[in-house]
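Read off the chains here:
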Amino acid sequence: MSKKIVVAGAGHGGVIAAAKLAKEGFDVTVYEKKKRENIGHDWEDRFDFRTILDAVEKDEMPDGAWKYRGNTMFVSPSKRTEVKIDFAPDKRQKVMWRKPLINIIIDYAESSGVKFAFENEILSPIIKGNAVVGICTANGEVSADFVIDAAGVFSPVRKNLPDSFSIEKMPKRGDVFYGYRAYFDKAKDVNPEYPFEVYLYHEREQGLSWFMTGDDYVDVLIGRIDPLTDEKINEQTRLFRKNHDWLGENIVSGGVRGVIPVRRSLSKMVANGYAAVGDSAFMTTPMNGMGIELSVKAGLLLAKNVINSNGDFSANALWEYNNEYLKLYGGDVARNEGLKNSLLKMPSDGVDFLFDNAVIQSSDLAGAGRNMNFKALLMKFVRGMKQPKYFFQIIHGLIKGGKTARLMKHAPKKYDERTINCWQNKIEKQRVEIR
Ligand SMILES: Cc1cc2nc3c(=O)[nH]c(=O)nc-3n(C[C@H](O)[C@H](O)[C@H](O)COP(=O)(O)OP(=O)(O)OC[C@H]3O[C@@H](n4cnc5c(N)ncnc54)[C@H](O)[C@@H]3O)c2cc1C
């Protein structure tokens, strides 16, 4: 009898892993709380199209489902300084509506033999001894040889694992952004040269907002490190309208809340009979998204690992997936966490200083100082020393981020719980805490 795999939640990477494993003869079922037509969001996302197309064995995305996004402008908290990014024609960023994207992935999984149980809410994992042996759903218990956790940031599977598994259960303050995103109609036909405006510490609050002017609509995102109230959303929208008089009053799409992980991934994401993938393992980049791409890449790695080990679902065998993800992707993107947390820790005046004096430039915002050369560093030093307190806070964040990245890329080779715990503690010590 083929081994039974349960995927908890129809997250992107989980569904891709499900498809690849079903093709190899595993018995795979995805349990998803929503109706099929409600999965995904009514907004557009930026991601690497090639990664998804290769994963679903397609050549191109359907016409009409995607478009190019315009030039970008980062705006400092005081709004005095604007850092502009012009994309060359071959470097323009593509965005695509989320629902057609998730439909393509689910269609591919169904045609690969994956079964879907929609409208099936998962409540917790079932644990026996030191292993996950199934899930508990609102409709009853389901046993499984292996549970792939793709249920997103607040996965009920991950957060109900026993402490002895040493898997972080809940994000800390600053690890996620609470977002609200809505597409409004346009009150006037205005088309700015930099249609994508990104605001750091928008209206002097910890977080990030954007205002994107499209041909027929305006896409507004309000992101904060604390949960958003209705009053806050209305107030921030009104403030946007004050200096963008083309922002209409009517919501034409979206208008919902969502949570975005903005931290390094879990360092340990596997246990006996369990592996997390995508947002449930916080697989995004702390500064510039990429959650969809990283989730799919992780799903492919996980499937490869399971196939190579002939369906060995022990933590020992799954550790290979854990390590490979961190070595190939998770380690590098973890570098951004130190810089992001240092910025969030600072008063907004400090962020203004860094922008006004070109200590932070567009390349830092996109790459967290990854490609900085000696001359660039020296220039930053000269400019930054006018306010050493803020400057050293940023350098501290970059150094901590660098150490986190190195540690994550060099996880213990063998699955030994004591060695792994010790390595996890070293990573945790590099965290820049946010007040
Ligand atoms: C406002 C906003 C904008 C974003 N923009 C981008 C972008 O431009 N580019 C990008 O790459 N990423 C973006 N992201 C992040 C992106 O959504 C995620 O990183 C990405 O979807 C990967 O997450 P996932 O597929 O693992 O999980 P998710 O997309 O969160 O999917 C989890 C699934 O599990 C289901 N589920 C949850 N709980 C249960 C339960 N108890 N029982 C059963 N099912 C359950 C959910 O319904 C959902 O279908 C954005 C996120 C937000 C909120």
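Residues numbered from 1 in each chain as written. Predicted model: local features only at pLDDT ≥ 70, side-chain atom pairs only at ≥ 80, totals over all residues. Heavy atoms only, no water.

Caption draft 1: Up close: the domain arrangement of the protein chain. By domain assignment, the protein chain separates into domain 1 (4–65 + 93–170 + 265–332), domain 2 (176–261) and domain 3 (334–429). Each of domain 1 and domain 3 has a C-alpha centre, and these two points are 29 Å apart. Of the residues lining the interface, 18 residues belong to domain 1; the matching set on domain 3 comes to 22 residues. When domain 1 packs against domain 3, close to 1,900 Å² is buried across both sides, 56% of that on carbon and sulfur atoms. A salt bridge links Lys409 to Asp332; the nearest nitrogen and oxygen atoms lie 3.2 Å apart. At the junction of domain 1 with domain 3, the criterion picks out 11 residue pairs in polar contact (both at pLDDT 80 or more). Taken together, the residues that form the side of domain 1 that touches domain 3 break down as six nonpolar, nine polar and three charged. (Domains from an automatic or database assignment. Contact = heavy atoms within 4.5 Å. Buried area = accessible area lost by both parts, 1.4 Å probe. Salt bridge = Lys/Arg side-chain N within 4 Å of Asp/Glu carboxyl O. Polar contact = N/O pair within 3.5 Å; in protein donor to acceptor, adjacent residues only side chain to side chain. Nonpolar A, V, L, I, M, F, W, Y, C, P; charged D, E, K, R; others polar.)

Caption draft 2: Highlighting the site of the ligand. Neighbouring residues of the ligand: 33 residues in total, closest His12, Glu32, Arg46, Arg98 and Asp279. With respect to the ligand, the side chain of His12 contributes an N or O atom lying 2.6 Å from an oxygen atom. Between Asp279 and the ligand, the recorded distance is 2.7 Å, taken from a side-chain N or O atom to an oxygen atom. When the free accessible area of the ligand is taken as 990 Å², the share hidden by the protein chains comes to 89%. Of all the secondary-structure elements, those providing two or more residues to the shell around the ligand are β3 (44–46), β17 (247–261) and α5 (291–308). (Near = heavy atom within 4 Å. Areas by Shrake-Rupley, 256 points an atom, 1.4 Å probe, with all protein chains shown as cover. Helix = DSSP H or I, 4+ residues; strand = E, 2+ residues; numbered from the N terminus.)

Caption draft 3: Structural detail: the sheet that holds β3. If you trace the three strands from one edge of the open sheet to the other, you get β3-β7-β4, paired in antiparallel fashion. Edge strands, defined here as strands with exactly one partner in the open sheet, are β3 and β4 (66–69). Each strand of the sheet is rotated relative to its neighbour by a mean of 35°, with strand direction disregarded. Sheet analysis places β3 next to strand β7 (residues 93–97), joined by three bridges and oriented antiparallel. (Pairing = 2+ DSSP bridges. Axes fitted to C-alpha atoms, helices over the stretch in contact; angles between N-to-C directions.)

Caption draft 4: Fine view of the pattern of salt bridges. In the structure shown here, the tally under the stated rule is 36 salt bridges. Here Lys169 and Asp163 are joined by a salt bridge, their closest N and O atoms 2.6 Å apart. A relative accessible area of 24% places Lys169 in the partly exposed class. Between Lys297 and Glu293 there is a salt bridge, and its shortest N-O distance comes to 2.7 Å. One end of the pair, Lys297, and the other, Glu293, are both in helix α5, four residues apart, so they sit about a helical turn from each other. In this structure, Lys297 and Glu293 share a single accessibility class: buried. Taken together, the shared-partner salt bridges connect Glu168, Lys172, Asp175, Arg263, Arg264, Glu337, Glu428, Arg431 and Glu433 into one network. (Buried < 20%, exposed > 50% of the residue type's maximum accessible area, 1.4 Å probe, protein only.)

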